[in-house]
Amino acid sequence: MTATNELKYISLLNRRETEKAIDLIKTKFPVAMADKLNLFKISCPLAIMDGTGINDDLNGIERPVKFPIRNQSDASAVVVQSLAKWKRWQLAELEAREGEGILTDMRALRPDEDYSPLHSLYVDQWDWEQKISQENRQLDYLKATVKSIYEIFLELEKSIANTFPQIQPILPEEITFIQAEELLRQYPDLSPKEREYRACKEHKAVFLIGIGDVLSNGEKHDGRAPDYDDWSSYNSEGHKGLNGDILVWNPMLENSFELSSMGIRVDAATLERQLQLSGQEERKNLFFHKKLLNGELPQSIGGGIGQSRTCMFLLRKKHIGEVQSGIWPYEEVEKCRKEGIELMK
């Protein structure tokens, strides 16, 4: 065997085993989510009307897929990028009670994503949203919710190991909470992604708090749209932010790996502030924003959990194309083939 072949990646599961494991994960995860967070399953749209403010802008620069609607000459629709604001609207429409929430199987297209082992044009998430009281718009409630979700990852990892013994559990029993500002102070000379790398390599599972606002070095850890997560309120630990990301150490990629983005959502005052900070005050005239400012939407917490990301991590895959069918450029296909990675067709 040549040195090149010795370094070649070999998946722990063959294609049939992979499909079986994906089904196991996608069956058990939403059931556990519904049980732990008191959620009920609802259907969701693939596309929505443009100009309502309901579609998400993510980091504020991504272009949604847009298309005209037949027999409606002045109307156009956009494929969803995520459902953060739509879900909150649905909580009101469904008259959810405090502590109760919704869960949906979101499918999206993000044409501006860069091709990589972590990204494709196609996005699949378990999107969830829970109605909360004004009193629960605090860091302790966010942390308790993160712990409940992390328990699902632990339980599912053990279930996979029981079914496929070649995959061994690696997640720590507890997730570590770190403020983005604290991480900056620990590693002031590193970039945000390098700081995430250090934190995940040390702790193996991290919830990074406070993403979207400017840190003490004058830069953001990462971008967040101004109209769903609350990233500008001071929390009980004296830092800004009631949102964050669940990150784990991925041994296959030897890097940090995001599984979920979530947070307590903006109230009317926070929305006003974040729109002003982002220079996007014109959004106040959109359908969703008017409803929130008029007090017609409930306080909530919510997020998205990447389905393919979860499968990729739990099944120890090196490329997201091993757990979802996608469109890949020839160069990416050839690169993967040389590395021993079999992309789904």
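Before reading on, note that the structure itself is shown above.
Just so we're clear, the structure is a prediction, and the values are computed from it rather than from any experiment. (Residues numbered from 1 in each chain as written. Predicted model: local features only at pLDDT ≥ 70, side-chain atom pairs only at ≥ 80, totals over all residues. Heavy atoms only, no water.)

**Student:** Is there a simple way to explain the pattern of salt bridges in this structure?
**Tutor:** A side chain of one charge can pair with a side chain of the opposite charge when the charged atoms of the two come close. Applying the stated criterion across every chain yields a total of 26 salt bridges. Notably, a salt bridge pairs E129 with K87, separated by 3.5 Å at the nearest N-O pair. With E129 in strand β6 (residues 122-131) and K87 in helix α3 (residues 84-93), this pair connects stretches of sequence that are 42 residues apart. Across this residue pair, the class does not change: E129 and K87 are buried. For R265, the salt bridge identified is with E129, shortest N-O distance 2.9 Å. Separated by 136 residues along the polypeptide, R265 in the loop between β10 (255-264) and α7 (268-277) and E129 in strand β6 bring together distant segments of the chain. Owing to a relative accessible area of 0%, E129 belongs among the buried residues under this scheme. (Salt bridge = Lys/Arg side-chain N within 4 Å of Asp/Glu carboxyl O. Helix = DSSP H or I, 4+ residues; strand = E, 2+ residues; numbered from the N terminus. Buried < 20%, exposed > 50% of the residue type's maximum accessible area, 1.4 Å probe, protein only.)

**Student:** Quick question: what am I supposed to make of unusual backbone geometry here?
**Tutor:** Negative phi is the rule for most residues except glycine; trans is the rule for most peptide bonds. Phi at E95 takes a positive value of approximately 55°, unusual for a residue other than glycine. Residue placement: E95 occurs in the loop between α3 and β5 (101-109). Classification of E95 as exposed rests on a relative accessible area of 67%. Unlike most non-glycine residues, R316 shows phi in positive territory, near 55°.

Any link to function would need more than the numbers given here.
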